[in-house]
Amino acid sequence: VIAALLQAGDRILSLGLDQGGHLSHGARVAFTGKFFNIENYCLDRETFLLDYDAIRQQAISFRPKLIVCGASAYSRVIDFSKFRKIADEVGAYLLADISHIAGLVIAGVHPSPIDQAHFTTTSTYKPGGPRGGLILMGRDHDSRITVAGKTLTLSAHIQKTTFPGMQGTPYLNNVAAKAVFFRETLSDEYRAWQVRIVENAKNLADNLLDLGHDVLTGGTDTHMILVNVTTLQKDMTGVAAQQGLEDCGIIVNKNGLPFDKKGAAVASGIRLGTPIVTRNGMGAEQMSVIADLVDATLRAVHVGNDGRYRIDESTRNDIRAKVRNLCQKYPIR
Ligand SMILES: Cc1ncc(COP(=O)(O)O)c(C=O)c1O
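Describing the packing of helix 11 (residues 284–300) against helix 12 (residues 313–329)
Where helix 11 meets helix 12, the axes come as close as 10 Å, and the angle between the chain directions of the two elements is 160°. Judged by the angle between their axes, helix 11 and helix 12 are roughly antiparallel. For helix 11 against helix 12, the interelement crossing comes out left-handed. Residue-level inspection shows Gln 286, Val 289, Ile 290, Leu 293, Ala 296, Thr 297 and Ala 300 of helix 11 in contact with helix 12, the latter providing Thr 315, Ile 319, Lys 322, Val 323 and Leu 326.

So, the pattern of salt bridges
Under the counting rule described, the total for this entry stands at 13 salt bridges. In this structure, the salt-bridge partner of Arg 320 is Asp 247, at a minimum N-O distance of 3.3 Å. Of this pair, Arg 320 sits in helix 12 while Asp 247 sits in helix 9 (residues 238–247), and the two are 73 residues apart along the sequence. Owing to a relative accessible area of 30%, Arg 320 belongs among the partly exposed residues under this scheme. With a relative accessible area of 19%, Asp 247 lands in the buried category. A single network of salt bridges, built from pairs that share partners, joins Arg 76, Lys 202 and Asp 221.

Points about the site of the ligand
Every residue close to the ligand is listed here: His 22, Ala 71, Ser 72, Asp 97, Ser 99, His 100, Ser 123, Tyr 125, Lys 126 and Arg 131. Within the side chain of Tyr 125, a nitrogen or oxygen atom sits 2.7 Å from an oxygen atom of the ligand. Arg 131 has a polar side-chain atom sitting 3.3 Å from an oxygen atom of the ligand. Contact with the protein chains hides 73% of the accessible area of the ligand, taken as 390 Å² for the molecule alone. Tallied by class, residues from the shell around the ligand come to two nonpolar, five polar and three charged.

Basis of the calculations
Residues numbered from 1 in each chain as written. Predicted model: local features only at pLDDT ≥ 70, side-chain atom pairs only at ≥ 80, totals over all residues. Heavy atoms only, no water. Axes fitted to C-alpha atoms, helices over the stretch in contact; angles between N-to-C directions. Helix = DSSP H or I, 4+ residues; strand = E, 2+ residues; numbered from the N terminus. Parallel < 35°, antiparallel > 145°, perpendicular 65-115°, else oblique. Left-handed = near helix turned anticlockwise from the far one by under 90°. Contact = heavy atoms within 4.5 Å. Salt bridge = Lys/Arg side-chain N within 4 Å of Asp/Glu carboxyl O. Buried < 20%, exposed > 50% of the residue type's maximum accessible area, 1.4 Å probe, protein only. Near = heavy atom within 4 Å. Polar contact = N/O pair within 3.5 Å; in protein donor to acceptor, adjacent residues only side chain to side chain. Areas by Shrake-Rupley, 256 points an atom, 1.4 Å probe, with all protein chains shown as cover. Nonpolar A, V, L, I, M, F, W, Y, C, P; charged D, E, K, R; others polar.

Structural data, given as structure tokens:
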């Protein structure tokens, strides 16, 4: 999409990587950051929510050619219609990258950007399909664009940029795998899975809040929960929390939080997600057990002066045994 719409040096307005955006939306180390003029919008400092008025003001002064919405670490609903209004006001295209929430969008659990954004993109493995991606277009598919003196539809332009612009031979096995996945997404079972993912995430967030954890934004609307682990213990870091949890058999990832004072490699937060435990059949009762196990681990992990984490061995073995016991009841599906 970016190759189709922009020339080197054109302006992109996107959510910063340090605010929960994705590398590909303009981080300096990514190709977008190298070839385009990127300005990032931020979340509100107090609420950690998207501030549409501030984004609008920034768009008016920056005049981007493309606005990117969508995130890798944002747990609340994204209002795509507000983004579209802003894009229309400043004459920008809107790209919604829904890689993280595509399953929820398919199932109608999160509002769809398809008819709001000019372009919607997603990776296909996150919502449960094969590796690869998708470019989707709704009502703007037959809007016109003039390129090198020729006028064509936006969808034709995207096709041409894809082939011969970017791709050689398509991976037909992958195309077939995507088709199988699309069929799966039409089933009641797929929809029920997505509904339960969000129910479980809300439950897990509530349990963690009850146990005294600093869940960003006070909960979640999606599959994802962000926790500031430094509130619980002053010297705690995201990386120590991640490693301590992993040592106990619980896989999460460290995550920089908006306006984080710690660098990305250390981070103040962790990011938890419920898609896999939900697919394995876990529900409300197990979310309470998981919250207890996460809580027990985070209280047992201590960070030394060398920045490394320590955890008492018998506590770790005890938590590990409980994790194993839970997982044995809900094996990987
Ligand atoms: C919002 C967002 N966009 C894009 C990607 C990249 O997807 P892929 O791994 O398919 O390149 C990710 C991956 O984490 C993501 O979170």
